[in-house]
Each structure stands twice: as C-alpha cells, then as structure tokens.
Protein chains: 2
Amino acid sequence: MKRKYISVARSKAVELICSNLHYLQTQEIVTLSNALNRVAAKDIKSFNTLPNTMNSRWDCVFFYYDRWLEDKGDTSLWELGKDYIYANTGVAIKGDHDTGVKVENTKIDKDNRLVLLEKNIQKGQNTQPVGEWLKEGEIVVKANTKILPAHLNILATAGVTEVPVYRKPKVGFIATGNELVSAGQNLPVGKNIESNSISIAAKCILWGAEPISLPIVSDNKAQIAAAIHKATAICDIVIIGAGTARGTEDYTLDLMDSLGTVFFHEVDHGPGKRTSFTVVNNTPVIGLVGPPMGEEMTFDFYVLPAILECLHQKIPLKNIKCLLEEDLPEHPKVDFYMPLHIYEAGDICHAVKAESLPGSGAMILCNINAYYFLPRGCGGRKKGEIIEAELSPSIPIAKACE
Amino acid sequence: MKRKYISVARSKAVELICSNLHYLQTQEIVTLSNALNRVAAKDIKSFNTLPNTMNSRWDCVFFYYDRWLEDKGDTSLWELGKDYIYANTGVAIKGDHDTGVKVENTKIDKDNRLVLLEKNIQKGQNTQPVGEWLKEGEIVVKANTKILPAHLNILATAGVTEVPVYRKPKVGFIATGNELVSAGQNLPVGKNIESNSISIAAKCILWGAEPISLPIVSDNKAQIAAAIHKATAICDIVIIGAGTARGTEDYTLDLMDSLGTVFFHEVDHGPGKRTSFTVVNNTPVIGLVGPPMGEEMTFDFYVLPAILECLHQKIPLKNIKCLLEEDLPEHPKVDFYMPLHIYEAGDICHAVKAESLPGSGAMILCNINAYYFLPRGCGGRKKGEIIEAELSPSIPIAKACE
C-alpha cells in the first residue's frame, strides 16, 4: 500500500509539536549557586530590605542640615565624629546626620578644619533611604524568568538561598542505522560514525534540557519499537535519528503509524524534508534526518522550540539584513532554506552560500550561521541584493570571512 | 599629599588591561564530551576519511549506467541484487553499481519488475564520492575556535576523542568592606550582603574562565595587601571589589600604588568611574566599584574583554538601533553610559531609561540590557529620536516591555 504522506509547513510543524508536549512542569529546588540558566518556577520574593538603615549614596561627609543653615555655612567650629562624620558609598550613616557632601567637594584646611566646597546644599542630599535598593516581600525574579548572573546577584541580596526552578525536560536521542558505529571506535569500510548524539546532548545542555543517552539501534523493526517504548517511558521528548526517509530499511515511519499518532511524516522544505512528528505513549517523538547538515538544522527548527516551550522561554528567531555576495538559486523541486555563511566586514554583514566555502562538507557545517528561505518559484535572489536572513541560534556570526 | 588620579577613556582602559594580561596560554587535553565551549589550543585534524567508500547520497536504486544505456532504459529484465540494488542516504553502495535514481522516482510493477520513472540520467548521479564529507588530515577545527555543538559533531566524525584546549583563565574576586556579610547569613542593621561574587563567578563560567572563590576582606590595609598577594599568586586575573573610591576607608588605591604598577585609578565615565587597573606580581588586578549596578556594568566593560583576550575570542560588542521613548539628559559632570531597557514591540526596538522602570533599584538591575553613551556637553537625546545603543553581553533584549 502506498503511504499517504502528511506534509506540513515549518510554522505548522512547530505549532503541532509545541501543542503536543505533555511535559509535566514539576518544580525542583536548587541552591543559588546551581540556579544559573535555570527557569524560575514561581515568583521569588525578597526576604530583606536594603538598605536596612539610611545609607550614604557616595563617599561623603555627613552633617546636620539645620546646623549648617544656622552656622550660615561656616563649618570652622565643627568637630569630626560629632558635628560631622564620614560615610562611604553604600554604607550605613553611623549617626543621625541627615545631609551629605561628596568627599571630593570638601577639604580639610591647614588647621585641620572641615571646609565644604559645595554651597548649594539640599536637605537629605546624598543619602540613600531605607528600601531604595530592595524591599522585603517585593518580587525579585518573576516566574518563567531564565536566571542570569544579575539575577543571582539580586537573589543573594534578597536573602534567597533556595530557588524553585522547573525541572529540566529530559530529551532522549535514538540513532538508528546498521551503518553506524559509536564515536571513538574504529571505522570499518562502509560504516559511519554516529556523531549527532554528542551535538544533540550539547545543545540540550545549552538550552536547559537534560540529555538522556540511549544506545544506537540497528535497522530492525522490533528493536526500534522496543527502543521507542523504552525512551518514551523515561523522556519528555524523544528524537529519533534517520529512519524516517523512504529507503528500504527505513522502518520507522511504518512503526510510528503502528505505535502512536503521526502528526506529520515530513515538512514541506529542504533540507531536512524527512522530519516527522508522532506522539507515542503520550510522549512527543520527533524524527530528524540523519546527515549532520540536516540534523543540526532540523534540531534548531523543531526540537529547540519544543525544549523552550517546556521552559516557557521564547524561541530565539532573529533576522539580519545582509548583502548577498553571490546568486541564490531557487531549488527546482522544494521550498528551500539555503544554508548561508554570514560575516561582518566594515559596517555591514555579507552573505555567501555555505557550500561556496572552501573545504569538504564537514568544514562547511560549522560555518552555517544563517538560512535564507527560497520558496519554489521565487526565482532566487541575485548577487548585490540586500536580503533578510534568519540567524542560526547555534552558530554566531563571524567577524570576518575566514 | 593629594593623589594625582590617572583617568582614562574606556577604550584606552580596555587596551591597557588587555595588553598587560600575563596569562600563560598553556593547553590541556579534555575528552570530546568535555570540550563544549572550550577554545581549541591548536589546529585539530581528522583521522578519518568519510565516506570511506562510495555512498548513496539519498535513498536510491543503484545500477550500472552502461547497462542502462545498452538496454535503452528498459529495466524489465533486471534482477534485484545483481543488476540493481537499494542503498539508503549516507550508506555505502554494496557493489560496484555506479549510478542512482531516488526511490520515489522508481516503482515496482505488478510483475515485480523495476521501473525507472526518471529518464534524464547522468552517469554517477546520486553517489557521494569517498572523502566528500571529510578527508583524513584535513583541519576540522582551527586553533582559537570556540567549540560549539556542531564542532563536536564533526570532531566525533573525524575520530577525535581528545581535544587540546586552552586552560581556563583563573579569575579571583576579592570583596572588601567592613559592612559586608556573606550571602545566606542574617543581615544585621547597617550591614550589606556581598552579592557580587556569585554573579561574577557565573559570568566567569559563561565566558570560559574558572572563578576562584576568595573570602571577604575587611577595610584593613594589611589584610587587603595579604589578600591581594595571595590572589595574584594563584589567579590569572584578580578583581578587587570596591575600595578604590575616595572614602575614608578606601585603602585599596593607596595600597595599589605601593604593591604594584597602577595603570589607571579611574575611568572617565559614569557609572563605574572608580574602576582601576594595577599590575601586582605580574598579575592584572582590576578594581571594580561595589554597588551591583556599577559592578555588573564594569565587569562587562573591563573584565570580560580580559577573559576573552586570554582565550583569543572577540569581544561581543553589538549596537542596535532603537526608538527613544523618553528624553536622555546628559550628566552634568561626566561622560555617561546611560543604562537602558530595550524591548521589541512590532518590528522595532524601543528604549527607555532603566531607572524609569517600576520597582526598586534591584528590580531595575536585571532589566538593563543596553547602554547609550552621552558625552558631556552633547545636550542629551530627545524622545522620538532613533539612537544606536550598545547591547549588554549579559542580559538579552526582552520581547515586550514587562
């Protein structure tokens, strides 16, 4: 029986994946020093008020404003420690002195007497009132905020030592293929190294998920079925590598139809056309293509939004204007995301096709830092045009073409 | 004796720091799975050639081109396994068949005979020659490259299991101040929590350095001197927090003059004017201001470039055009980097002063995602103008003003 392939556009594919995640947003408590890059599971409030007594805003001399008025600015009789005191930036004013002049606007004369060089003085100036920096009970980090270094600074100040965060979504990757051997093994003729898993694990870590290591599975229906069952039982998101194309040993799509609900068999663009999505045992299973070029791209297009959705984070889609340094032809058969290499030179960004870079395929992969969408029939784009390309979330723009 | 303060511009300060680093670029070997975000200490070459035999580029039927010519495209007598075979994407072609047609462009008729639906066939099509993806001896990661997930993918394919990387520069932070208590402790009246160290440690980790934890030191000359001596003996970069201003207990500048070579006592802008730089025991010592607002900014301005310089990485200075939603007044006394909050709304970015956001000071800190430089005498900028602000490398732009 000829399969009816369900093919969807990229945005529809992302929507289908993100609305079928079934990730349970349980929270866990981590210590402050383990909270970096985690996502707050609820609003976090301050236990402290700061300053908790009136502070000096700068390094200052403090005195009584009323005394200064009374003395008409003549400070020659003032005694240190009684009529005036020193207080440093952010430090409590030890006394009830109410007004400050910055140290650099004062001097001590040859008779050891204070002189104020500032004449236009306002009562209370250069003091920092109680609670100006932080108030007890105030929300310091809102729920769903990714915790950055500056948040750690504030949380420490707020007296927070334990931080409620979402647990990391568990992302498992099943590589399939008789031709695959694990990284680090010798490579027999006709075999290939399973290299996607290490990149996928690294991306999971970078984006806040927990990678779950799973063994390579041969092209064997029963073994793939068993691997999918096991993975869906322990993971929040399962990725299955290759096996969703149309080759003779690509069993996975048939299996998927029997194991769960297939939402789509492919997407309507190249590269990475054979990306699929199925829900098995209430768990999303995303089928990515095998070759690293397609795998890296489709992970960023389809798995990354799923991880971020679990964590209430926004997808880092960013476009950039750049000058096209060569023609971009349309693909004769499919809508196509042309892999680009963008580099800054002078005040603008320039774009070339990644495949135009020197070196073999593998070299090119790490230089793909953007994509340009060429719908079928668009006629392509020409050298010299300014295009708006989509930045890769995984590989930054280089300063110069290398 | 009145001190003569050496004050420098930001760019000069960065140049002085980066040219006086004395970090020894020794390398260390890490396993592939520990290489993420490390920086390659030398060119890394491939041990493998891939494919190592002729591969199929797609899921295809392969046959002999000459036979196809001879039979004038009539494949009705061809036998599977002899005259034609199947091979999947990226998999070795088992046999010496030289030309392929994609599976979706073939069919098997009711008599179980192969039919090729494609007529315009080129010899060798849909094969992937030996070494197209990767060649033994080819450089896969250049020296000074920060290793990203895609690099891990390629390194695994290349048979690389051990990666030479630069050791992480050790960055120590000495907080000084009688008023400081460690995070997690109770906060007596008039005291403050030392909160900068946790943010500094997190930033070091994010940017590839190793944070060295050091105890808080009181405002005592001998103790500060001892702490600096100890830190410079074990760190590549030492940060000293506060103590470089002009208060009565700000001993550090005096000390610095006696301990080493002071390159500058301050920078010519606010906030963070009291940033200093000294070389002690051949080790750079950067003095940052104490209040978190200034500390976060001056770390990004002055310590981050130093860490990246050690690792041969570029400083992520990025400007962004945005619409000013309120006036930006100039500072009456100094050149000023106005802390901004930028948010995306519609197709453009909007900017407000961070201090205009609701909440107390601490709340504002985590919303400073850009700066705008206002030199003295510039007259400020007006609401409605388009300005080019400098993006914070530590806090990303929010999707909407929250």
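Residues numbered from 1 in each chain as written. Chains lettered and ligands numbered in written order. Predicted model: local features only at pLDDT ≥ 70, side-chain atom pairs only at ≥ 80, totals over all residues.

Quick notes on the overall build of chain A
Phase 1: Counting its regular elements, chain A contains eight helices and 27 strands.
Phase 2: Radius of gyration (C-alpha) of chain A: 31 Å, far over the 21 Å computed for a compact globule of 402 residues.
Phase 3: If you line up chain A on its principal axes, its C-alpha atoms span 105 × 50 × 40 Å.
Phase 4: Going through the 402 residues of chain A one by one, you find that 48% of them count as buried.
Phase 5: Within chain A, contacts between residues separated by at least 24 positions form 73% of all contacts whose residues are at least 6 apart in sequence. (Helix = DSSP H or I, 4+ residues; strand = E, 2+ residues; numbered from the N terminus. Rg over C-alpha atoms; globule rule 2.2 N^0.38 Å. Buried ≥ 20, exposed ≤ 12 C-beta atoms within 10 Å, placed from the backbone. Contact = placed C-beta atoms within 7 Å.)

Concerning the interface of chain B and chain A
Phase 1: Counting residues at the interface gives 69 residues for chain B, matched by 69 residues for chain A.
Phase 2: Mapped onto the side of chain B that touches chain A, the elements with two or more residues apiece are helix H3 (149–157), strand S15 (192–194), helix H4 (196–207), helix H7 (292–310) and helix H8 (361–365) of chain B.
Phase 3: Broken down by element, the residue count for the side of chain B that touches chain A peaks at eight residues, all from H3 of chain B.
Phase 4: For the side of chain B that touches chain A, the residue count by class is 30 nonpolar, 26 polar and 13 charged. (Nonpolar A, V, L, I, M, F, W, Y, C, P; charged D, E, K, R; others polar.)

Section: the sheet that holds strand S16 (residues 210–212) of chain B
All names here are of chain B.
Phase 1: Spatial strand order, S16-S13-S17-S22-S21-S18: six strands in an open sheet with mixed pairing. Unpaired on one side and paired on the other, S16 and strand S18 (261–264) mark the two borders of the sheet. Averaged over all pairs of adjacent strands, the angle between strand axes in this sheet comes to 25 degrees, irrespective of strand direction.
Phase 2: Two elements, S18 and strand S21 (residues 276–280), share three bridges in a ladder whose sense is antiparallel. Along S21, the bridge assignment pairs Thr261 with Val279.
Phase 3: Packing against the sheet, helix H6 (residues 252–259) makes contact with strand S17 (237–241), S18, S21 and strand S22 (283–288), and its axis sits at approximately 35 degrees to S21.
Phase 4: Against the sheet, H7 contacts strand S13 (170–175), S17 and S22, and its axis sits at roughly 165 degrees relative to S22. (Pairing = 2+ DSSP bridges. Axes fitted to C-alpha atoms, helices over the stretch in contact; angles between N-to-C directions.)

Points about H7 of chain B
All names here are of chain B.
Phase 1: Between its first and last C-alpha atoms H7 spans 25 Å; for 19 residues at 1.5 Å apiece the expected length is 27 Å, and the two agree.
Phase 2: Of all the bends in H7, the largest measures some 40 degrees and sits at Phe299.
Phase 3: Burial analysis of H7 places 18 of its 19 residues in the buried class, which makes it a mostly covered element.
Phase 4: Where H7 terminates, the next one or two residues include His312, which has phi positive at roughly 60 degrees. (Expected span 1.5 Å × (residues − 1). Bend = angle between axes of the 7 residues up to and from the residue.)

Re the nonpolar core
Phase 1: Membership of the largest hydrophobic core comes to 204 residues, with the highest contact counts inside it found for Leu155 of chain A together with Leu155 of chain B.
Phase 2: Dropping the residues within four chain positions of it, Leu155 of chain B is found in contact with Leu32, Ile44, Val140, Val141, Val160 and Val163 of chain B. (Core = buried A, V, L, I, M, F, W, Y, C linked by C-beta atoms within 7 Å.)

So, the domain arrangement of chain A
Phase 1: As far as domains go, chain A holds domain 1 (7–26 + 168–310), domain 2 (27–50 + 134–166), domain 3 (55–128) and domain 4 (319–391).
Phase 2: On a C-alpha basis, the centroid separation for the pair domain 3 of chain A and domain 4 of chain A is 64 Å. (Domains from an automatic or database assignment.)

Details of helix H4 (residues 196–207) of chain A
All names here are of chain A.
Phase 1: Over its 12 residues, H4 runs 16 Å from end to end, which matches the ideal 16 Å to within 8%, given 1.5 Å per residue.
Phase 2: Of all 12 residues making up H4, 10 are buried, and the element is well covered by its neighbours.
Phase 3: All buried positions along H4 are accounted for by Asn196, Ser197, Ile198, Ser199, Ile200, Ala201, Ala202, Lys203, Cys204 and Trp207.
Phase 4: The first or second residue beyond H4 is Gly208, which carries a positive phi of 100 degrees.

Things to note about the relation of the copies chain B and chain A
Phase 1: Rotating chain B by 180 degrees and moving it 0.0 Å along the rotation axis overlays it on chain A with an RMSD of 0.1 Å. On this basis, the relationship between the two copies can be described by a two-fold rotation axis. Nearest to the rotation axis, the C-alpha of Leu206 of chain B is located 5.2 Å from it, this being the minimum over chain B.
Phase 2: When you check the interface residues of chain B against chain A, 100% turn up at the interface there too, and the contact is symmetric in its surfaces. (Least-squares fit on C-alpha atoms with pLDDT ≥ 70 in both.)

Considerations on the packing of helix H3 (residues 149–157) of chain A against H4 of chain B
Phase 1: Running from amino to carboxyl end, H3 of chain A crosses H4 of chain B at an angle of 160 degrees, the nearest separation of the two axes being 7 Å. One way to sum up the angle between H3 of chain A and H4 of chain B is to call them roughly antiparallel. Where H3 of chain A crosses over H4 of chain B, the handedness of that crossing is right-handed. On the side of H3 of chain A, the interface is formed by Pro149, Ala150, Leu152, Asn153 and Ala156 of chain A, while H4 of chain B contributes Asn196, Ile198, Ser199, Ala202 and Lys203 of chain B. (Parallel < 35°, antiparallel > 145°, perpendicular 65-115°, else oblique. Left-handed = near helix turned anticlockwise from the far one by under 90°.)

Section: unusual backbone geometry
Phase 1: Residue Pro271 of chain A is reached from Gly270 of chain A by a cis peptide bond, and omega for that bond is -20 degrees.
Phase 2: Its place among the elements puts Pro271 of chain A in the loop between strand S20 (269–270) and strand S21 (276–280).
Phase 3: Here the bond from Leu50 of chain B into Pro51 of chain B is cis, since omega is -10 degrees, no more than 30 degrees from zero.
Phase 4: Along the polypeptide, Pro51 of chain B turns up in the loop between strand S3 (44–45) and strand S4 (55–56).
Phase 5: At Asn112 of chain B, a residue that is not glycine, the phi angle is positive and equals roughly 65 degrees.
Phase 6: Mapped onto the secondary structure, Asn112 of chain B falls in the loop between strand S8 (106–108) and strand S9 (114–116).
Phase 7: The phi angle at Asn144 of chain B is positive, at roughly 75 degrees, despite the residue not being glycine.
Phase 8: Mapped onto the elements, Asn144 of chain B comes out in the loop between strand S11 (139–141) and H3.

Quick word on the confidence of the model for chain A
Residues and elements named next belong to chain A.
Phase 1: Chain-level pLDDT for chain A is 92 on average; 96% of the residues reach the 70-or-more range.
Phase 2: Looking at the elements of chain A, mean pLDDT is at its lowest for helix H6 (residues 252–259), recorded as 83, and at its highest for strand S12 (residues 162–166), recorded as 98.
Phase 3: Interface confidence for the predicted complex, expressed as ipTM, amounts to 0.91; the pTM equals 0.91. (pLDDT = per-residue confidence, 0-100.)

Side note on the packing of helix H5 (residues 221–234) of chain B against H6 of chain B
All names here are of chain B.
Phase 1: Two elements in contact, H5 and H6, have axes separated by 10 Å at closest approach and are oriented at 55 degrees. Taken together, the axis directions place H5 and H6 in an arrangement best described as oblique. Crossing of H5 over H6 shows right-handed handedness. Counting all contacts with H5, which are made through Lys221, Ile224, Ala225 and Ile228, the residues of H6 involved are Thr252, Leu255 and Leu259.
Phase 2: Residues that form the contact of H5 with H6 fall into these classes: five nonpolar, one polar and one charged.

As for the environment of Gly73 of chain A
Residues and elements named next belong to chain A.
Phase 1: Its place among the elements puts Gly73 in the loop between helix H2 (65–70) and strand S6 (84–87).
Phase 2: Separated by 119 residues in the primary sequence, Gly73 and Asn192 place their C-alpha atoms 86 Å from one another.
Phase 3: Setting aside residues no more than four positions away along its own chain, Gly73 makes contact with Trp68, Leu116 and Lys119.

Quick look at the sheet that holds strand S22 (residues 283–288) of chain A
Residue and element names in this part refer to chain A.
Phase 1: Strand order across the open sheet formed by six strands is S16-S13-S17-S22-S21-S18, with mixed pairing between neighbours. Each end of this open sheet is capped by a strand with a single partner; those strands are strand S16 (210–213) and strand S18 (261–264). Ignoring strand direction, the axes of neighbouring strands in this sheet form an average angle of 25 degrees.
Phase 2: Bridge analysis of strand S13 (residues 170–175) against S16 gives four bridges, and the strand direction is parallel. When the sheet's bridge partners are listed, Val171 is paired in S16 with Pro211.
Phase 3: Relative to the sheet, H6 contacts strand S17 (237–241), S18, S21 and S22, its axis offset from that of S21 by approximately 35 degrees.

Some points on the pairing of strand S27 (residues 386–391) of chain B
Consecutive residues of a regular strand have side chains that alternate between opposite faces of the sheet.
All names here are of chain B.
Phase 1: In the sheet, strand S23 (residues 319–324) pairs with S27 via five bridges, with the strands oriented antiparallel. Across the sheet, Asn319 pairs through a bridge with Glu390, a residue of S27.
Phase 2: Across two bridges, the pairing between strand S26 (residues 370–374) and S27 is antiparallel. Residue pairing in the sheet places Tyr371 in a bridge with Glu390 of S27.

Section: the environment of Asp96 of chain A
Residue and element names in this part refer to chain A.
Phase 1: If you trace the backbone, Asp96 turns up in the loop between S6 and strand S7 (99–102).
Phase 2: Overall, Asp96 belongs to the exposed group, with 8 C-beta atoms counted inside 10 Å.
Phase 3: Spatially, the C-alpha atoms of Asp96 and Phe62 are 9.1 Å apart, while their sequence positions differ by 34 residues.

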